[in-house]
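Breakdown of the fold
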Amino acid sequence: MSHLEEIKEKWRRFIAYLNEKKIIQAADKTYTFTWNLFLIIIVLIVLGGCLAAGAGAGFLASLVKNEPVRAYSTMKDNIYNYEETSTMYFDKDQLMGKLRADLDRQEVPLKDISPFVKDAVISTEDQYFYEHDGIVPKAIIRAMLQEVTGSETRSGGSTLTQQLIKNQILTNEVSFDRKAKEILLALRLEHLFTKEQILEAYLNIVPFGRNSSGRNVAGIQAAAQGVFGVDADKLNLPQAAFLAGMPQNPFVYSPFTNQGKVKKDITYGTNRMKTVLNRMLTNGAITPEQYNKALKYNVRKHFVTKKESSYEKYPYLSIEVEHRSADILARIAAKKDGKNYLKLNQKTKDEYRQNAFVQLRQKGLKIHTTINKKIYEEMEETAKNKYLFGSSHLVRVKNDKGKWINVQQPQEVGSILIENKTGAIISFVGGRDYNREQLNHATQALRQNGSTMKPLLAYAPAIEEGKVQPGYIIPDTPLSIGAYNPKNYDDRFHGLLSARTALAKSYNIPALRSFMKANRADAFNRLEKMGFSSITDEDRGSVSVAIGGLTNGVTVEENTNAFSTFANQGKFVDAYLIEKIEDKKGKVIYKHQTKPVPVYSPQSSYLVLDMMRDVLKPGGTASRIPRSLNFYADWAGKTGTSSEYKDSWFVATNPNVTLGVWHGYDKPDTIPMGQRQVSQTLWAAFANDAYRYAPSLMAPKHRFSMPSGIVRKEICGISGKLPSDLCRSAGLVTTDLFNVKYAPNSSDNSLDTGLYVIADGRKYKASESTPREFTQKGVLIDDALFNGVDVKKMAGGENSDHLLPKTNLPENGKTPDTVSGLSAKGGKLTWSDSGESDVVGYRVYYSATGKGPFKKIGSLTSDKTSSSAPSGVLYVTAVDISGKESAPSQKVTSGKTAGGTKKPGSDDKKAEEPPAGKKPKDPPSQTGDKKTPKKPAN
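Remember, it's a predicted structure, so these values are computed and weren't measured experimentally.

Conventions and cut-offs
- Residues numbered from 1 in each chain as written.
- Predicted model: local features only at pLDDT ≥ 70, side-chain atom pairs only at ≥ 80, totals over all residues.
- Heavy atoms only, no water.
- Helix = DSSP H or I, 4+ residues; strand = E, 2+ residues; numbered from the N terminus.
- Contact = heavy atoms within 4.5 Å.
- Areas by Shrake-Rupley, 256 points an atom, 1.4 Å probe, with all protein chains shown as cover.
- Phe/Tyr/Trp six-rings, centres within 6.5 Å; stacked < 30°, edge-to-face > 60°.
- Buried < 20%, exposed > 50% of the residue type's maximum accessible area, 1.4 Å probe, protein only.
- Pairing = 2+ DSSP bridges.
- Axes fitted to C-alpha atoms, helices over the stretch in contact; angles between N-to-C directions.
- Core = buried A, V, L, I, M, F, W, Y, C linked by side-chain atoms within 4.5 Å.
- Parallel < 35°, antiparallel > 145°, perpendicular 65-115°, else oblique.
- Left-handed = near helix turned anticlockwise from the far one by under 90°.
- Polar contact = N/O pair within 3.5 Å; in protein donor to acceptor, adjacent residues only side chain to side chain.
- Disulfide = S-S within 2.5 Å.
- Nonpolar A, V, L, I, M, F, W, Y, C, P; charged D, E, K, R; others polar.
- Salt bridge = Lys/Arg side-chain N within 4 Å of Asp/Glu carboxyl O.

Focus: the overall build of the protein
Each helix and strand counted, the protein has 28 helices and 32 strands in total. Sequence-distant contacts, at least 24 apart, represent 69% of the contacts inside the protein between residues at least 6 apart. By element, 51% of the accessible surface of the protein is carried by carbon and sulfur atoms, the whole surface being about 45,700 Å².

As for the packing of aromatic side chains
Inspection of every chain in the model, using the stated rule, returns 21 aromatic pairs. Measuring from ring centre to ring centre gives 4.9 Å for Trp635 and Trp683, while their planes differ by 80°; the resulting arrangement is edge-to-face. Highlighted residues: Trp635 in the loop between helix H25 (625–628) and strand E17 (636–641) and Trp683 in helix H26 (residues 678–693), separated in sequence by 48 residues. According to the relative accessible area criterion, Trp635 is buried, its value standing at 6%. Plain terms: the ring middles of Trp831 and Tyr842 are 5.5 Å apart, the flat faces sit at 65° to each other, and that makes the pair edge-to-face. Here Tyr842 lies in strand E28 (residues 839–847) and Trp831 lies in the loop between strand E27 (828–830) and E28, a separation of 11 residues in the sequence.

So, the sheet that holds strand E31 (residues 872–880)
Read from one edge to the other, the open sheet built from four strands follows the order E29-E28-E31-E32, with strand pairing classed as antiparallel. Edge positions in the open sheet fall to strand E29 (855–861) and strand E32 (892–894), since each of these has one partner strand only. Across this sheet, the average inter-strand angle for adjacent strands is 35°, counted without regard to direction.

Looking at the pairing of strand E11 (residues 473–476)
Burial of E11 is two-sided: the residues Ile473 and Pro475 facing one way and the residues Ile474 and Asp476 facing the other way are all buried. As judged from the four bridges shared by E11 and strand E12 (residues 495–498), these two strands associate in the antiparallel manner. Counted as the bridge partner of Asp476 is Gly495 from E12.

Focus on the nonpolar core
Nonpolar side chains tend toward joint burial in soluble globular proteins. If you look at the biggest cluster of nonpolar residues, it comprises 82 residues, and the most contacted ones within it are Leu317, Phe428, Leu456, Tyr459, Leu527 and Phe532. Apart from the residues lying within four places of it in its own chain, the contact partners of Leu317 are Phe90, Met96, Ile371, Tyr376, Phe428 and Leu577. Listed in part, the 60 residues of the second largest apolar core include Ile79, Phe129, Ala201 and Val217.

Some thoughts on unusual backbone geometry
The backbone of Asp93 sits at a positive phi, close to 60°, despite the residue not being glycine. Assignment of secondary structure puts Asp93 in the loop between strand E1 (87–89) and strand E2 (95–98). The backbone phi angle of Asp491 is positive, close to 60°, even though this residue is not glycine. Here Asp491 shows up in the loop between E11 and E12. When its relative accessible area of 58% is taken as the criterion, Asp491 is described as exposed.

Considerations on the sheet that holds strand E3 (residues 103–105)
The strand order E3-E5-E4 describes an open sheet built from three strands, whose pairing is mixed. The open sheet terminates on both sides in strands that have one partner only, identified here as E3 and strand E4 (207–210). For this sheet, the mean angle separating the axes of adjacent strands, direction not counted, is 25°. Pairing geometry for E4 and strand E5 (residues 216–218), over two bridges, is antiparallel. Bridging across to E5, Pro207 finds its partner in Ala218.

A few points about the packing of helix H18 (residues 454–464) against helix H20 (residues 508–517)
Two numbers describe a pair of packed helices, the interaxial angle and the distance between the axes. Viewed as axis vectors pointing N to C, H18 and H20 meet at an angle of 50°, and their least axial separation amounts to 8 Å. Between H18 and H20, the crossing angle belongs to the class labelled oblique. Crossing of H18 against H20: the hand is left-handed. Here Lys454, Leu457, Ala458, Tyr459 and Ala462 of H18 lie close against H20, whose contacting residues are Asn508, Pro510, Ala511, Ser514 and Phe515.

Concerning the side chain of His592
Position of His592 among the secondary structure elements: in the loop between strand E15 (588–591) and strand E16 (597–598). Judged by its relative accessible area of 16%, His592 falls in the buried class. At 3.5 Å, the side chain of His592 forms a polar contact with the side chain of Tyr590. Discounting chain neighbours no more than four positions away, the residues touching His592 are Thr422, Tyr576, Ile578 and Glu579.

Considering the state of the cysteines
One pass over the full model with this rule turns up one disulfide. Between the sulfur atoms of Cys716 and its disulfide mate Cys727 the distance is 2.2 Å. Judged by the sign of its S-S torsion, about 105°, the bond between Cys716 and Cys727 is right-handed. One end of the pair, Cys716, is in strand E20 (residues 710–716); the other, Cys727, is in helix H28 (residues 725–729), with 11 residues separating them in the sequence. A residue is classified by how much of its surface remains accessible, and Cys716, at 0% relative accessible area, is buried. Take Cys727: its relative accessible area is 0%, and that puts it in the buried class.

Describing the packing of H18 against helix H24 (residues 602–613)
Following both chains from N to C, one finds H18 and H24 inclined at 130°, their axes separated by 9 Å at the closest point. With respect to H24, the element H18 is oriented oblique. Here H18 runs over H24; the crossing is right-handed. Here Pro455, Tyr459, Ala460, Ile463 and Glu464 of H18 lie close against H24, whose contacting residues are Ser604, Leu607, Val608, Met611 and Met612. For the contact of H18 with H24, the class distribution of residues is eight nonpolar, one polar and one charged.

Some details on the pattern of salt bridges
All chains considered together, the criterion is met by 37 salt bridges. Put simply, Lys584 and Glu107 hold a salt bridge, and the shortest N to O gap is 3.8 Å. Pair noted here: Lys584 is in the loop between strand E14 (578–582) and E15 and Glu107 is in the loop between E3 and helix H4 (115–125), with a separation of 477 residues, a long-range link. Owing to a relative accessible area of 26%, Lys584 belongs among the partly exposed residues under this scheme. On the basis of relative accessible area, Glu107 is assigned to the partly exposed category, the value being 32%. The closest approach of N and O atoms between Lys195 and Glu190, which form a salt bridge, is 3.0 Å. Each of Arg500, Asp610, Arg613, Asp614, Lys617, Asp634, Arg703 and Asp736 takes part in one network of salt bridges that share partners.

Now the structure itself:
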C-alpha cells in the first residue's frame, strides 16, 4: 500500500470513531450556538455604537450650536490676524530695526522657508498632515479617553490645523466645548484653505522661545534670525530640527535666557532636536546619512551672538519714532471717525493713541523715517566724547526710597539738523546716555533760549514793519521798563550802535528797544507760526521774552526749526521725522506732505540772515565757528545764553540746512566760566560729522540769494536818513541793506554844529558865558531824536566820539576852589584835578622874576592837568562853565629866576592877580577864530 493510501485509511478510521462516539454531532451544535451568539453580540455592538455615535453627535451638535458658519473672508482675517512687530527704516529704506514689543514676529511666505523646516515640523507635530481633513479621529478619541480617565499620559490629539485654530480663533481653555469648536473649525478651515496656506500660517504664528536679545519670538523667520542669525530659507537640517522641536515647550527648549545669554545647559534643546531628527528619519524625510551628519552638528557653536535691539542701539531714535508714529496713526483714526484730533479732550486723545500703540506692536507696519543713518550714528558717537564737555556738578536728588542724596550731574546736549526746504529731520542728538537720562534733549526738553530769541522776536518783527533796518542806530544806554532794568552780559553800555552790530555782539538793550518798536501781538503771533508751542499769556505780557526769558522754554527742535524760516524766504516749514507708513503688504497708509506757512516777507528774511552772518565774522559772538569747520558754507546764526548762564545755545542756517545745539545741565545750574562756549564746540563737531557723510547737503556752493526789493544805501546812522554834509563830517555815514519800501528818501536834519566843553571827563554844550578859550567845535544831536534817552551817557560810546547833546552843563553856583598840588619839575608844571563838576579848564600865569606882572601863558581844558614850565614863577587858576575863575594857586618856581633866591610872590604887590570871582578879560581863544566855520573839522 502506498503512503498516500495509508494516510487516507487513517483519516477514514478517525471519522468513524468520531461518529461512533457522537462527537461530530455535538461539535456541530456547539458551532451553531457560538456563531449565533457572535452574530447577536455584533448586532448589539453596532446598535450600541450607533446609539453612542448618535448621542456623541447630538452632544457635539449641542456644543457647537451657537458657532456661526464662518465665511472664507472671515476665516482668512482670523487666521492671518497675528501680531507682527512694526519695522523702522532710516532714509533710503535702510533697515533700522523693530519697534519695542512684547513679541518679535516677522511674516514670511512659505516659499521662503527651508524645506527642512517644513519636513521637521510635519514629522514632529502632524505626520498625517497631508492625508487628514483637519482632524485625526483616533487621535481625538485617544486624547478624550486620556482626559476622561485622568491618565497621566497625554499623547495630544491636535493636528497643525487644530493648533492654528486654537492660536488664532479660540482660546487655550481646556474644555469639551472649546475642543468641539476646534474640531468643527478645523474641518471648515481645511475645506476653505490649501495645505500650503495652513502650513504657512502655522509657521508664522507658532512661538519659539527667546532670541539672542532675550525677547520673545514667534514665527520661523524671527526664530531663525534670533537664534542662528540667518533667514528662514537658509536654515540647514540640524538648525531646522532644533527650531522645529521648540514649539512643544518654547522656554524650556530655548537656548537663551531673558537677558539674551546662552544657557549653560542646552541639553533639553539638543535632545529635543535629536527626537525631531529621529522622527524625520522614521518618516522618510531624511536619509540615514543626513541623520548621522546632523547628529554631529555643534548647535551651540552656531548660535548668533547677542544682538542689540534697535531700542538698545538707538534708544532716543526708537522712542521718538514710536511716539511720532502713534500720533500720526491717532490723527488718521480720529479723521476716519469724523473728528478733529486737535479739538478732542485729553482722555479721548489718549484712547486714540493707545489704539495706535497697539497697531504699532501688532500690525507689522513699515515706518520710513528721514534720518540719515551714518550722520545719526556719527553725531551719537560725538556726543559720547567726554572731552568735548565741561565738568559735572554735584546735585541733590531723591532716590527710590524718597531720601535726598548727592549725585554727579554731567553736562548734557541736545541737537537737531533739519533740511530747510522740506523740513526733514536729517539727524538729532537726544542726549549723552539714555540709560542715565531718558529725556530727549532735542525734542522734549523745554529750556530758555536766551539770545537766540533776538532775531526771531526782537529784530525780525521790527524789520518787517519797517521800524528797524540793519543799519539803523539803536542806543545801547541805560533803560528802565517799569521795575525792569536790563543789562548787557558784560555789564557795560556801548553807546550808539547799528542794529547789525548790536545783534552781532548780542547786546540786550538794543534788542529790547527794537522789540518795543514793533507790534507786540503781531510779533508773538508770528513766533507761534514759526512753531513755538509753549508761549504763555505771561510771556505775551513780558518784554524780557525778546531776549529769551520764556516762562516754560522751547525745545531745540522748535528753536532750530524757527530759524529755518529765514532760509526759506520767510516761509515756515514744519520739521518732520516720519516720511511714510506702510502696512505689512506695502500699502501706503500715510505720506508726509510739506505745507509751507508764510510768516515774513522774503526781504525781511534776507535782512535778518545778512545781520546774522556778522555773528560768525570777526567781532561777532561766534567768530570762532568758521575756523572750527572742515568746510565752507554761507552760514547765518545766533549764539544764546540764558540768565545766570544756565543754558548755552548756537543755531545757524545755510541755504540747505539748519543746525541747532543746546548745552547745559538737566537740573538748571550755572555753566562754569570757560565752558560757556561748549555749545559752539559741539555745533562745529556735529556739523563736521554731517559734512563727512553728506558734503553737498552741508556745504552748498551757492549762497543765500538776495530777493528783489533790497537796496544798498548810504545813510546817516544817527537817524537812518540820507546823509547830510554834517553827518559825513561827523563820521556817521554807514552803508547797509534796506527793504526798498523802507529806504530813506529825505536828508538827515538831526545834527548841528556848536561849541562844547569838557567837564568831569564828559563833553557838554558850551553856554554863552563860557570862555571861548576852553571850547571846541563839534557836532550836536537833537535830544528828542531818542525819545527821552539820556544822550549825555552815550559819551565814549562806540560811534559817538563827535556827538554831543544840545544840553548845557549846569553850574554849581560858586566860584571854583583854588587849585592845589602845583609842582614844577624838569620843565613841567603839574597840578591836581579840581574835582568840581562845572570846571571847564585851567589858566596858567607866568612871571620871569616873580616881581613883575604875571601874564597868562596858557589855557587848558579840564581834562588836562599839566603844562610846560618856562624858567620863572607860575601859578594856576580854575575856570567854570560860566567863566568864574578861582583864586591863584600857590606859586612855584621853575628853573632860576632873574631876581635871585627870594621866593616869588611872597609879598609881590604888582603881580597880575585878578580878584577872586571876577572874570578877567578874555584873551584870544587858542582854538582859533571865534567865527563859526561853514564846515567843522572832523
